[in-house]
Amino acid sequence: MLTPPRRRFLVQSSSLVLLLTAPMIARGATLMSIRVWPAPEYTRLTLESDGALSATHQVLSDPPRLVVDIQGLQLDNQLRDLAGKVKSDDPFIKDVRVGQFKPDVVRLVIDLKQAVKPQVFSLLPVAAYQNRLVFDLYPAHAGDRLMAFMQQQETLDRERQLGASGAPPQTLAQAQTGQHDSLGDWIRQHRSELDDQQAAQPQQFAQNGPRSAPPRQQAATPSDNLADSPSSRPDPVRRDRRNFRTVLLAIDPGHGGEDPGATGPSGVHEKDVVLLIARHLRDLAQNTPHMRVMMTRDSDFFVPLWTRVEKAQSANADLFTSIHADGWFTPDARGASVYCLSEGGATSVEARLMAQRENAADAIGGIDINSRSYQVAKVLLDMSTTAKINASLKMARPTLGKMGELVHLHSKQVQQAGFAVLKSPSIPSMLVETAFISNPEEEARLQTPAYRKQIARAIFEGLRAYLDTNPPLARRRILT
Ligand SMILES: [Zn+2]
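Given the structure is predicted, the values throughout are model-derived calculations rather than measurements. (Residues numbered from 1 in each chain as written. Predicted model: local features only at pLDDT ≥ 70, side-chain atom pairs only at ≥ 80, totals over all residues.)

Q: Help me out: how do you make sense of the packing of helix 11 (residues 386-406) against helix 13 (residues 449-469) in this one?
A: In helix packing, the relevant descriptors are the interaxial angle and the interaxial distance, both defined with respect to the helix axes. Packing of helix 11 against helix 13 leaves a shortest axis separation of 7 Å and a crossing angle of 140 degrees. Taken as axis vectors, helix 11 and helix 13 run oblique relative to one another. Every pair of crossing elements has a handedness; the one defined by helix 11 and helix 13 is right-handed. Where helix 11 abuts helix 13, its residues Lys394, Met395, Pro398, Thr399, Gly401, Lys402, Met403 and Leu406 lie against Gln454, Arg457, Ala458, Ile459, Glu461, Gly462, Leu463, Ala465 and Tyr466. Taken together, the residues of the contact of helix 11 with helix 13 sort by class into nine nonpolar, four polar and four charged. (Axes fitted to C-alpha atoms, helices over the stretch in contact; angles between N-to-C directions. Helix = DSSP H or I, 4+ residues; strand = E, 2+ residues; numbered from the N terminus. Parallel < 35°, antiparallel > 145°, perpendicular 65-115°, else oblique. Left-handed = near helix turned anticlockwise from the far one by under 90°. Contact = placed C-beta atoms within 7 Å. Nonpolar A, V, L, I, M, F, W, Y, C, P; charged D, E, K, R; others polar.)

Q: Help me understand unusual backbone geometry, please; the structure alone is not making it clear to me.
A: Phi is mostly negative for residues that are not glycine, and the peptide bonds are mostly trans. In this structure, the amide linkage connecting Asp62 to the following residue, Pro63, adopts the cis form with an omega of -5 degrees. Position of Pro63 among the secondary structure elements: in the loop between strand 3 (54-60) and strand 4 (65-71). Of note in this structure, His255 is not a glycine but carries a positive phi near 60 degrees. Inspection of the secondary structure assignment puts His255 in the loop between strand 9 (247-253) and helix 6 (270-286). Positive phi, normally seen in glycine, also occurs at His290, with a value near 65 degrees. Inspection of the secondary structure puts His290 in the loop between helix 6 and strand 10 (291-295). Of the residues examined, His290 has 16 C-beta atoms within 10 Å and is grouped as partly exposed. (Buried ≥ 20, exposed ≤ 12 C-beta atoms within 10 Å, placed from the backbone.)

Q: Explain the environment of His255 to me, please; I cannot follow it from the model alone.
A: Given 28 C-beta atoms within a 10 Å radius, His255 is considered buried. Expressed as a C-alpha distance, the spacing of His255 and Asp362, which sit 107 residues apart in the sequence, is 9.0 Å. The residues contacting His255, other than those within four sequence positions of it, are Pro260, Gly261, Glu270, Lys271 and Ala361.

Q: I'm lost on the pairing of strand 4 in this one. Help?
A: Along any regular strand the residues' side chains alternate between the sheet's two faces. Note: strand 3 against strand 4, seven bridges, orientation antiparallel. Pairing of Ala55 across the sheet is with Ile70, part of strand 4. With seven bridges joining them, strand 4 and strand 6 (residues 105-112) adopt antiparallel strand pairing. Paired with Val68 across the bridge in strand 6 is Leu108. (Pairing = 2+ DSSP bridges.)

Q: Would you take a moment to explain the pairing of strand 14 (residues 429-433) for this structure?
A: The buried fraction of strand 14 is high, at five of five residues. Residues Ser429, Leu431 and Glu433 of strand 14 are buried on one face, and the alternating residues Met430 and Val432, pointing to the opposite face, are buried as well. For strand 11 (residues 319-324) and strand 14, the ladder comprises five bridges, and the chain directions are parallel. Note that in strand 14 the partner of Ser322 across the bridge is Leu431. In this structure, strand 12 (residues 337-341) lies alongside strand 14, joined through three bridges in antiparallel fashion. Its bridge partner being in strand 14, Val338 is matched across the sheet by Val432.

Q: Hey, could you run me through the sheet that holds strand 3 in this one?
A: Sheet strands pair via backbone hydrogen bonds, and the direction of the pair is either parallel or antiparallel. The sheet built from four strands is open, its strands ordered 3-4-6-5 with antiparallel pairing. Across the chains shown, the open sheet's two edge strands, defined by having one partner strand only, are strand 3 and strand 5 (93-102). Along the sheet, successive strands turn relative to each other by an average axial angle of 15 degrees, direction set aside.

Q: Looking at this model, I keep getting lost on the sheet that holds strand 8 (residues 131-139). Mind explaining?
A: A sheet is described by the order of its strands in space; here four strands give the open sequence 1-2-8-7, paired in antiparallel fashion. With one partner strand each, in any of the chains shown, strand 1 (31-37) and strand 7 (116-123) form the two edges of the open sheet. Averaged over all pairs of adjacent strands, the angle between strand axes in this sheet comes to 10 degrees, irrespective of strand direction.

Q: Could you clarify how one ought to interpret the environment of Pro125 in this entry?
A: Inspection of the secondary structure assignment puts Pro125 in the loop between strand 7 and strand 8. On the basis of neighbour count, Pro125 is assigned to the partly exposed category, with 15 C-beta atoms found within 10 Å. The contacts of Pro125, once residues within four sequence positions are left out, are Gln130 and Asn131.

Q: Whenever I open this one, the nonpolar core confuses me. Can you help?
A: Looking at soluble globular proteins, one finds that nonpolar side chains tend to be buried together. Of all hydrophobic cores here, the largest spans 104 residues; its most connected members are Leu249, Ile277, Leu281, Tyr339, Phe419 and Ile459. Looking at this core element by element, the count peaks at nine residues for helix 6. Excluding its chain neighbours within four sequence positions, the residues that come into contact with Tyr339 are Ala351, Met354, Gln415, Gln416, Ala417, Phe419, Met430, Leu431 and Glu433. (Core = buried A, V, L, I, M, F, W, Y, C linked by C-beta atoms within 7 Å.)

Q: How should helix 11 be read in this particular structure?
A: One full turn of an α-helix is made of 3.6 residues, so residues set three or four places apart face in the same direction. Counted at 1.5 Å a residue, the expected span for helix 11 with its 21 residues is 30 Å, and the 31 Å between its end C-alpha atoms agrees. Taken together, the buried positions of helix 11 are occupied by Lys388, Ala391, Ser392, Met395, Ala396, Pro398, Thr399, Leu400, Lys402 and Met403. Each element contacted by the buried residues of helix 11 is listed here: strand 11, strand 12, strand 14 and helix 13. (Expected span 1.5 Å × (residues − 1).)

Written out as structure tokens, the structure is:
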């Protein structure tokens, strides 16, 4: 007889037909939009309709393909044109064939460039979206990101502790708080439970969030030419090579893909301008000795808030900066702000509302709440410590100060609220609202390379000022 783990493996890897549950199976639902979001990590195919869709799917091999039967749909021109939406350099999709399989069933055959492990889920109407049926195509052999994260975290904990004192290995959480390593323990304790949840049937995900303008179809993101030369100032982290090491900055351009973020009065999307600012910041840092950069996204695709944190943790980033340009209810709000996580309530009503808007990204972008990562995230994202928040404030204050020298500030104090993307268990994290895209003047400014470079320079100078007084300690002093 098969053991439960073996049985689970067979269920996950076979070409089992999976029935999606939906409260209302629409007959004659109309397709509103089809969107394809290719990215190196996964390609997303979204079908948006005026009624909930029900679908079954099969994963087939030789050649690899995904066969999807959608009930209650009639073949129309949008479906016929679906293949034209697939880019030739899509990492996963080679081609899509579409046909009326039965009188009320449309069949999609997605020819694949590599074997995939699809996540298929439905989303109820939220923001400007109606019902969505989502196919996230992940590589079949990507490894276990959660396990890799655990192992890297434990290794980092050990190295940091050894590097600091030479004492017997102790986890980072113990070192910071004197408490046991709840992060690692929790994952270990819940591992089997999470495996079971992953094998469970998907369920409908009811979501609510603020209304925003509908996203555009994959508008090409312009690239900026960087005229800036690397800073000529002496590098603060290079003053004493014996004690300091290379710093890894995690840069997190907000939103992306299905989640456009805020949209300005002339239609500029936050997700596009913050990616350009993030690239300027990346280039400034990469041209600086002893600084390296990891980006949570470098193209136009959706990354869940938890995944942004996980990526930075997995890379052992030293600092985390999330970059945004949100909107406000009135067009006159203007200027830049810097936010950190709060332990309790928000420092102002505005900070609380801003965190609510940012945290709606997962609902708008669309996540599968049955995925293991989401189940882990629900617990992990509440594990931030007082020590980490204090470290975040030490980074945010000089950043706000430097920004005040170069751009207009909205708030002269670092504000705090419950931003999910700032809930890294161990990395000092801040969120920079670079401007209000809802302000017509600031929206226009965000469209100019000069202003985007100025913003990136201001954040960069802030980070340098922080590192000047808080250089990271050597990680592997004793091991090397
Ligand atoms: Zn934002």
